[in-house]
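Given next are the chains, with one letter for each unit.
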Amino acid sequence: MTDALLPNGIKDGRGDSNYFRKGCNPFAQTGRSKLQNKRASLNQQIIKEMRLRAGAENLLKATSNNKVKDMVLLELSYVNSNLQLLMGELEELNSSVDVYQNTQETANIPLIALGLKETKEVDFSTPFKDFILEHYSEDGNSFEDEIADLMDLRQACRTPSRNEAGIELLAKYSSHLPLLESRFFSPNHQNGIFFTWYDSFTGVPVCQQNLSLEKASIVFNMGALYSQIGTRSDRQKTAGLDEAISSFQKAAGILNHLKETFTHTPSYDMSPAMLSMLIRMMLAQAQECLFEKIVLPGIQNQFYSLMKTAQEAAKVSEIYDHVYQSMIQMPIKDNVPLFWSTMAQIKANHYRSMAHYFVGSALLDHQLGPSDDEDQQEKTLSQVYDRLPEGQSPLDILKKRDERKCIGKAHIRRAIRGHEEALRIYGLCHNLSKMDALQDILKASHQRSLKKYSENDSEEEFTDYTEAPDIISKTEHKAEMEVPATTKVKVTDFFQRLGPLSVFSAKQRWTPPRTIRLCAEDLGFTLKGESPVQVVSLDPHCSAATDGLKEGDYIVAVGETDCKWMGVSEVMRLLKDVNEEGIDIQVVSMLDSNPPMPTKSATFCGNLPKTYSMICLAYNDDNKNPKSRKVTKKPSFLSWGLKNKLKSASTLSLPTEDRSSALPWNKPCPTFPSSSSYNEGALY
């Protein structure tokens, strides 16, 4: 099962040798590609059924005819039934963990990987061209290559390869999004671009016109991709286990970053409760891989080694028990696949049983001898137990052969019961019926415990009802969240030709470029700033001022040379060589900024997971030409839920022009300064 990488052939802007790659071939016949294609198809079917349901509910509210109401209610029952079936199919896809496992993996319990969130294609072409013409007063058609590069990068992010190259691809697009937001997403103007993403658990679509949903979804997919890299690792080798541990810890770190950064994302798979559960699950799988790394070379059949391994296994069991408890809480229980909670329950029982087996083996197979360190064994045993049966002490158990054997057999009995419980739970989940490797591991562990008990059972002994005490969990290597360095990568702005982002952004409003004629004989203003340079100390009687030059204007071109990115020294070099005929410069002025109107966005309902935007149901672009599609009106949003908590976006304050540093026009200034003083200001 390989991921095919296709070279994109598009320059990344940092040199001829740097290219960003396309994602996996969406038509590649790999298990993961088939799974994602089926997920995308189910998402489309779910949104169609939701459109039908929305229409039926609106008709039910609007009509007073009882016959019509009966027909609508009947149709609603069919639609809801179809939705339940589609949700069930999507749950099966989320339960298909065997697709993500290593192809050689046969001796380890399967791990759970997160599926990637699906999204619709987005056409930036027309909205961006219109915005460039309207806001920046430049020809949008001259930016066709940059827009095409951006769209290719986003398309590639829909099918990232399952390795570090795929993570870097998502990180690169994620790093471009803040730049795009500053360039094209004005707080008081909607550009008609809709971002639609589907809930990875329910398939419910969410649509927004701002970039918050896009940013959060890309971060979620980075965490999901790390989880897939972890499950794909070869856990029969130390290097593979190290890769799996690191990947799951990074997945947890990214999901925690998502939880802390995007607190009101209107998609239930990215809600705080769901992300908290996913973080626990990733850390539990990292801890499980740490345990596998400890036992990979083999467990020494010694008292201390067995006790240490038992506590490590108890730690894995404890963490999975916490994961299971979080999965069965409402409303997470209604959205997490039953397979996931079943796996967590099975692993909690399995590793708890292993812990009891190791303690039982240590007590039964290693009696205290004259050469053994009695104090050390007593200390070790006391650290394993939280409490002992009344009247017993660790030293009594170690010294008295019968007591030691009795407690050892009690641990083996608890191990047998735990393995039987794990097998029982396995048989109740139909999605586990195809996972032969898991069943083989559970049966082998059960048989090993039965064999150990039979070896130490004697017909002459009376039935003993002693209950083995609980084992204290302890680990020397705890799994911790890890934020990868590739979360943010350095990128080159696709639209840097528009000028420095600190000045030429969507928040600033500008006049169209004006042409000013400069004559060599008439000197009357000073320039300052790095890029672009700004006019200060303007003589109102000079010819440039008469031609329309104003204090505070920014020079964007000198003659045919674009100078948005030039500093004072570079612009002055261009102005030095003005001949008698003079030269034309282009300038722009900053307009007063109006307070932006709050933008509307999809609303997240915290009480009900089936939350989606009405705009997803009303806006259907399946049969439209994406090149000519342009949305001019933004429909209202509606969320279904027991309680709708509407939240409007906060108002953003636009920056205003700072003239505090302007010099009086009649301040005496020297003639052309030397090159060493160009960095502060220059008189023309």
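Structure report, in brief. (Residues numbered from 1 in each chain as written. Predicted model: local features only at pLDDT ≥ 70, side-chain atom pairs only at ≥ 80, totals over all residues. Heavy atoms only, no water.)

Centre-to-centre distance and the angle between the planes together describe a pair of aromatic rings. This model, assessed by the stated rule, comprises 15 aromatic pairs. Ring geometry for phenylalanine 143 versus phenylalanine 495: centroids 6.2 Å apart, planes at 35 degrees, classification tilted. Here phenylalanine 143 is found in the loop between α3 (125–135) and α4 (144–157), whereas its partner phenylalanine 495 is found in the loop between α14 (436–455) and β3 (514–518), with 352 residues between them in sequence. The same class applies to phenylalanine 143 and to phenylalanine 495, which are both buried. Put simply, the rings of Phe124, Phe128, Phe131, Tyr136, Phe143, Phe184, Phe185, Phe195 and Phe495 pair up and form one aromatic cluster. Positioned over the ring face of tyrosine 357 is arginine 448, at 4.4 Å from the centre of the ring. (Phe/Tyr/Trp six-rings, centres within 6.5 Å; stacked < 30°, edge-to-face > 60°. Helix = DSSP H or I, 4+ residues; strand = E, 2+ residues; numbered from the N terminus. Buried < 20%, exposed > 50% of the residue type's maximum accessible area, 1.4 Å probe, protein only. Lys NZ or Arg CZ within 6 Å of the ring centre and 35° of its normal.)

One can find glutamine 155 in helix α4. Residue glutamine 155 is classed as partly exposed on the basis of its relative accessible area of 37%. Along the chain, glutamine 155 and glutamate 121 lie 34 residues apart, while their C-alpha atoms are 7.2 Å from each other.

The two faces of strand β2 (residues 205–208) match: Pro205 and Cys207 on one face and Val206 and Gln208 on the other face are all buried. Inspection of the sheet shows strand β1 (residues 195–198) paired to β2 by 4 bridges, in the antiparallel sense. Each residue of the ladder has a partner; that of threonine 196, found in β2, is cysteine 207. Following β1, the chain reverses through 6 residues before pairing antiparallel with β2; glycine 203 in that reversal takes a positive phi of roughly 75 degrees. (Pairing = 2+ DSSP bridges.)

Where helix α10 (residues 338–365) meets helix α13 (residues 401–428), the axes come as close as 8 Å, and the angle between the chain directions of the two elements is 160 degrees. It follows that α10 is roughly antiparallel to α13 by the angle criterion. α10 and α13 meet at a crossing whose hand is left-handed. Residue composition of the contact of α10 with α13, by class: 13 nonpolar, 12 polar and 6 charged. (Axes fitted to C-alpha atoms, helices over the stretch in contact; angles between N-to-C directions. Parallel < 35°, antiparallel > 145°, perpendicular 65-115°, else oblique. Left-handed = near helix turned anticlockwise from the far one by under 90°. Nonpolar A, V, L, I, M, F, W, Y, C, P; charged D, E, K, R; others polar.)

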